[in-house]
Amino acid sequence: VVADVATWEHATEALEFLCKEKGRAHYHAKWMRPAEINADGRLSAQRLVNFERKRSLEGLEPYNEACTQVERVIASRVAAAGGTKGANGVGGANGGDGGAGAPVEPAREYLIKWRTLAYDACTWEPAEVAGADALKAFAARESAHAAQDAAEMDVDGASVGLGATDRAAATPLP
């Protein structure tokens, strides 16, 4: 029995587990050995034990790598001061003063919808993660919306194309 336990511990040390941190996108998941998981304060050894138990009893579905692919960019915002680290703790450092007296353009981050994941799994990421194609598609959609909004405005700036909700709000009550 002792030899089997020693063999199992040695075998699991050779294994690596794909670990996703809470509050971060699957894109940021990394391969870790059990010793690294135990040493990492954010990941617990208990989760590894639970995973092993579930894997041995039920079997697991294969990991779907599509959830690491950007489906589309939904929105953009100016990153918080000090870098592109948003409220959900994702993104990389993008700070710096840009040199003596040089104006620093604020970094932007983008709300990413990941393939195969629901909208509640969207995360704020820097442009490097979003990718050029997704950013171009987002810019095209934003331009189309801006052009549509401009077309709905007359010369005086009053809205011409009122929707049903807008008409109801603009109609005075008796």
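Scroll up to find the structure.
The rules behind each value
Residues numbered from 1 in each chain as written. Predicted model: local features only at pLDDT ≥ 70, side-chain atom pairs only at ≥ 80, totals over all residues. Heavy atoms only, no water. Helix = DSSP H or I, 4+ residues; strand = E, 2+ residues; numbered from the N terminus. Buried < 20%, exposed > 50% of the residue type's maximum accessible area, 1.4 Å probe, protein only. Contact = heavy atoms within 4.5 Å. Areas by Shrake-Rupley, 256 points an atom, 1.4 Å probe, with all protein chains shown as cover. Polar contact = N/O pair within 3.5 Å; in protein donor to acceptor, adjacent residues only side chain to side chain. Patch = residues over 30% accessible without salt bridge, like charges linked within 9 Å, V, L, I, M, F, W, Y side chains within 5 Å. Salt bridge = Lys/Arg side-chain N within 4 Å of Asp/Glu carboxyl O. Pairing = 2+ DSSP bridges. Axes fitted to C-alpha atoms, helices over the stretch in contact; angles between N-to-C directions. Core = buried A, V, L, I, M, F, W, Y, C linked by side-chain atoms within 4.5 Å. Phe/Tyr/Trp six-rings, centres within 6.5 Å; stacked < 30°, edge-to-face > 60°.

### Re the overall build of the protein chain
Then, number 1: Along the backbone of the protein chain there are 6 helices and 5 strands.
Then, number 2: Counting from the amino terminus, helix and strand elements in the protein chain follow one another as α-β-β-α-α-β-β-β-α-α-α.
Then, number 3: Across the 174 residues of the protein chain, 22% fall into the buried class.
Then, number 4: A separation of at least 24 residues holds for 53% of the contacts in the protein chain among residues at least 6 apart in sequence.
Then, number 5: For the protein chain, the accessible surface area stands at approximately 12200 Å², while carbon and sulfur atoms represent 56% of it.

### Considerations on the side chain of T123
Then, number 1: The topology assignment puts T123 in strand 5 (residues 123–126).
Then, number 2: A polar contact is formed between the side chain of T123 and the side chain of W114, at a distance of 3.0 Å.

### Some remarks on a nonpolar patch on the surface
Then, number 1: Residues L18, W31 and Y63 make up a contiguous nonpolar surface patch of roughly 320 Å² in combined accessible area.
Then, number 2: With respect to the element layout, W31 can be found in strand 2 (residues 30–32).
Then, number 3: Exposure remark for W31: the relative accessible area of 54% places this residue in the exposed category.

### A few points about the sheet that holds strand 4 (residues 108–114)
Then, number 1: Spatial ordering of the open sheet is given by 3-4-5, a layout of 3 strands whose pairing is antiparallel. The open sheet is flanked by strand 3 (70–78) and strand 5, the only strands paired with a single partner. With direction set aside, neighbouring strand axes in the sheet form an average angle of 40 degrees.
Then, number 2: Here 4 bridges tie strand 4 to strand 5, and the two strands are oriented antiparallel to one another. Its bridge partner being in strand 5, Y110 is matched across the sheet by E125.
Then, number 3: Contacts from helix 5 (residues 132–151) reach strand 3 and strand 4, with the element oriented near 65 degrees to strand 3.

### As for the pattern of salt bridges
Then, number 1: For the structure on display, the rule yields 4 salt bridges.
Then, number 2: Residue E16 is joined to R33 by a salt bridge in which the shortest nitrogen-to-oxygen separation is 3.7 Å. Residue E16 is found in the loop between helix 1 (2–14) and strand 1 (17–19), and its partner R33 is found in the loop between strand 2 and helix 2 (34–39); the two are separated by 17 residues along the sequence.
Then, number 3: With relative accessibility at 39%, the residue E16 sits in the partly exposed group.
Then, number 4: On the basis of relative accessibility, which here comes to 36%, the residue R33 falls in the partly exposed class.
Then, number 5: Between R55 and E52 there is a salt bridge whose closest N-O contact spans 2.9 Å.

### A word on the nonpolar core
Then, number 1: Of all hydrophobic cores here, the largest spans 10 residues; its members are A25, V70, V73, Y110, I112, W114, V129, A130, A134 and F138.
Then, number 2: It is strand 4 that provides the largest number of residues to this core, a total of 3 residues.
Then, number 3: Excluding anything up to four places from it in sequence, F138 contacts V73, I74, A75, S76 and Y110.
Then, number 4: Membership of the second largest hydrophobic core comes to 5 residues, among which are F17, C19, I37 and L48.

### Regarding the packing of aromatic side chains
Then, number 1: Within this structure, the stated rule accounts for 3 aromatic pairs.
Then, number 2: On the numbers, 5.9 Å between centres and 20 degrees between planes, the contact of Y27 with W114 is stacked. Separated by 87 residues along the polypeptide, Y27 in the loop between strand 1 and strand 2 and W114 in strand 4 bring together distant segments of the chain.
Then, number 3: Since its relative accessible area comes to 40%, Y27 is described here as partly exposed.
Then, number 4: With centroids separated by 6.3 Å and ring planes inclined at 80 degrees, the aromatic side chains of Y110 and F138 adopt a geometry described as edge-to-face. Separated by 28 residues along the polypeptide, Y110 in strand 4 and F138 in helix 5 bring together distant segments of the chain. The two residues Y110 and F138 agree in class, both being buried.

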